[in-house]
Amino acid sequence: MLRRLLLFLSERRALRRWMETSPAAAVLTRRFVAGQTLDREVEVCRRLNAEGILASLDHLGENVTSAEEARTSRDFYVEALRRIAQEKLQASVSIKLTQFGLNLSEDLCRENVASLMEAAVAHDGFVEFDMESHPYVDRTLRIVTGMHARFGRVRAVVQAYLYRSAEDIDALCRDRIPVRLCKGAYREPPSVAFPKKSRVDANYMRLAATLLERGVNPGIATHDPNMIRHALDHVQRHGPAKDAFEFQMLYGIRRDLQRSLTGAGYRLRLYVPYGDAWYPYLMRRLAERPANLLFLARNLIRK
Ligand code: FDA
């Protein structure tokens, strides 16, 4: 019910206009989105780097509907890689393959990603491949694996809610491909994903342990204190060294946890979205998990 309401609101132009212009709404969006332009994004990344925090730039975009739009999305990221190098930022970029045309054609997408990877080589950059809903998983992993073989400089994402993820992690570790582990953000059917949070959490802990043992520079992406505690326990008992893995969180979320990890000398990377399409991003995030409304309220109070 709430989810449907949020999705309905995400399409309301008047509300969007209000959100885009009202100072009250700006407080909320500034907390989670760097801004609309690459300049604003660079400012935020510079500030994070000064606090010892790594960043990953995410240019927000809608699913593209033409080859031209896919190329435009790619060009935003090529420019982001150029600026990261120019400003000497400690930052990667995070891309979604549907922004690069994956829903139009796998070949078109591969071509766009290859030209982004060429820019990554030219600018000594690093590209993380977000994982979208389950119909895209095979195609995304095929493209990431191909790009890793040609260029290196990639990190794949695995979602702990999918039954298949242990096998995917095995294959990625065998190929020495870095992995970001997250719980998974999409509404998936029980035929492919654990419906119960407790099972997702248990799988997350198991997969995190595998990655910390056998993975290359893994990213433990979560705000869940239990997952973090479990990973820290593993690290303190069995390694790896503090500079051989990183924690990852979303910009603006659980800043208390962020500070305690960096204070203890752990590497932390924040995923920092920017761009015009922030309104649907924010609303869809809330709609995907209406419980996030509570998280939002709680975390705004917690600061
Ligand atoms: P969980 O949802 O159990 O939340 C644990 C605690 O975290 C909550 O109690 C709350 O305190 C805090 N919290 C979580 N979400 C919050 C929010 N929105 N606002 C405020 N507080 C919040 N997913 C995906 O499918 N593909 C991907 O490529 C990525 N990439 C990605 C990168 C990075 C760096 C992160 C951190 C996350 C992703 N995700 C993702 C999203 C991920 O799958 C998941 O939906 C969210 O991280 C929430 O899961 P948690 O592990 O934080 O635990």
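To keep things clear, this report deals only with the structure shown in the data block. Not measured: the values here are computed from a predicted model. Every chain begins its residue count from 1, and numbering advances along the sequence as written. It should be noted that, the model being predicted, local features are given only for residues of pLDDT at least 70 and side-chain atom pairs only at 80 or more, the latter also being counted only at that level, while totals for whole chains, interfaces and linings use all residues. With hydrogens and water excluded, all non-hydrogen atoms of the structure serve as input to the side-chain values.

Bringing the overall build of the chain into the picture now. Secondary structure is summarised from DSSP: a helix means a run of H or I of at least four residues, a strand means a run of E of at least two, and numbering begins at the N terminus for each. In terms of regular secondary structure, the chain is built from 13 helices and eight strands. To sort residues, take the accessible area from a 1.4 Å probe on protein chains only and compare it with the maximum for the residue type: under 20% means buried, over 50% means exposed, and anything in between is partly exposed. The buried share among the 303 residues of the chain stands at 51%. Relative to all contacts within the chain whose residues are 6 or more apart in sequence, the contacts with residues 24 or more apart total 72%. Each accessible area is a Shrake-Rupley result for a 1.4 Å probe, and residues are judged covered by the shown protein chains and nothing else. Of the accessible surface of the chain, which amounts to about 14400 Å², a share of 53% is contributed by carbon and sulfur atoms. Two residues form a contact once any of their heavy atoms are found within 4.5 Å.

Moving on, we come to the sheet that holds strand β1 (residues 54–59). Reading around the circumference, β1-β2-β3-β4-β5-β6-β7-β8 is the order of the eight strands in this closed barrel, with parallel pairing throughout. Across the sheet, the axes of successive neighbouring strands diverge by a mean angle of 25°, strand direction being ignored. With two bridges connecting them, strand β5 (residues 179–182) and strand β6 (residues 219–221) associate as parallel partners. Within the sheet, the bridge partner assigned to L181 lies in β6 and is I220. The axes used here are C-alpha line fits, helices contributing only the stretch in contact, and every angle between their N-to-C directions lies in the interval 0 to 180 degrees. Strand contacts of helix α4 (residues 38–50): β1 and β8 (268–274), with the helix running at about 165° to β1, the strand carrying the most contacts. Contacting β7 (246–250) and β8, helix α11 (residues 255–263) crosses the sheet at an angle of about 160° to β7. Strand pairing is defined by DSSP finding a minimum of two bridges between the two strands.

Closest axis-to-axis distance for the α4/helix α5 (residues 67–86) pair is 11 Å, and the angle between their directions is 40°. Accordingly, the angle class assigned to the pair α4 and α5 is oblique. Here α4 and α5 pass one another in a crossing that is right-handed. The segment α4 lies against α5, with L38, D39 and V42 engaging E79, A80 and R83. Just so you know the grouping, Ala, Val, Leu, Ile, Met, Phe, Trp, Tyr, Cys and Pro go in nonpolar, Asp, Glu, Lys and Arg go in charged, and all remaining residues, Gly too, go in polar. Residues of the contact of α4 with α5, tallied by class, amount to three nonpolar, no polar and three charged. Note on angle classes: values under 35 degrees are labelled roughly parallel, values over 145 roughly antiparallel, values of 65 to 115 roughly perpendicular, and the remainder oblique. The sense of a crossing depends on the near helix, which, turned anticlockwise from the far helix by less than a right angle, makes the crossing left-handed and, turned clockwise, makes it right-handed.

A separate point is the packing of aromatic side chains. Pairing of aromatic rings covers Phe, Tyr and Trp, the last counted by its six-membered ring, and requires centre-to-centre distances within 6.5 Å; plane angles under 30 degrees mean stacked, over 60 mean edge-to-face, and any other angle means tilted. Following the criterion strictly, the structure yields five aromatic pairs and no others. Relative to Y266, the ring of F247 has its centre 6.0 Å away and its plane inclined at 85°; by these criteria the two rings are edge-to-face. Here the residue F247 occupies a position in strand β7, and Y266 occupies one in the loop between α11 and β8, the gap between them amounting to 19 residues. Following the ring pairs from residue to residue traces out a cluster consisting of F245, F247 and Y266. Directly above the aromatic system of Y266 lies the positively charged group of K242, at a separation of 4.8 Å from the ring centroid. Counting as a charge over the ring demands two things of the Lys NZ or Arg CZ atom: a distance within 6 Å of the ring centre and an angle within 35 degrees of the ring normal.

Just to be clear on terms, a salt bridge is a Lys or Arg side-chain nitrogen sitting within 4 Å of an Asp or Glu carboxyl oxygen. In this structure the tally under the stated criterion is 28 salt bridges. We note a salt bridge from E51 to R47, for which the minimum N-O separation is 3.9 Å. Assessed through its relative accessible area of 46%, E51 is described here as partly exposed. Under the relative-accessibility criterion, R47 is labelled partly exposed at 41%.

Of all hydrophobic cores here, the largest spans 77 residues; its most connected members are I95, V113, F129 and F247. Top contributing element to this core by residue count: helix α6 (residues 106–122), with seven residues. Those residues within four positions of V113 in sequence are excluded, and the remaining contacts are I95, L97, F100, F129, I143 and M147. Buried Ala, Val, Leu, Ile, Met, Phe, Trp, Tyr and Cys residues form a nonpolar core when they are joined through side-chain atoms within 4.5 Å.

The subject of this paragraph is helix α10 (residues 225–238). With 14 residues, α10 should reach 20 Å at 1.5 Å per residue; the first-to-last C-alpha distance of 20 Å fits that figure. For α10, the complete set of buried residues consists of M227, I228, A231, L232, H234 and V235. The buried residues of α10 occupy one face: seen down the axis, they fall within an arc of 160°. Exposed residues lying more than 90 degrees from the buried face of α10 are R229, Q236 and R237. Each element contacted by the buried residues of α10 is listed here: α9 (197–214), β6, β7 and α11. Two residues or fewer after α10 comes G239, characterised by a positive phi angle close to 85°. In a helix, the anticipated span is given by 1.5 Å times the number of residues less one. In this description, the arc belongs to the directions extending from the helix axis to the C-beta atoms.

As a further point, take the pairing of β7. Summarising burial for β7: five of the five residues are buried, a large majority. Taking every second residue as pointing to the same face, both faces of β7 are buried, with E246, Q248 and L250 on one and F247 and M249 on the other. The sheet contact formed by β6 and β7 spans three bridges and is parallel. Opposite I220, over in β7, you have F247 as the bridge partner. Orient the strands so they point away from the viewer, and a crossover whose first-strand-to-second-strand path over the helix runs clockwise is right-handed. Remark: the β6/α10/β7 crossover connection has right-handed handedness. Where β7 lies against β8, four bridges are found, and the strand directions are parallel. Along β8, the bridge assignment pairs M249 with L270.

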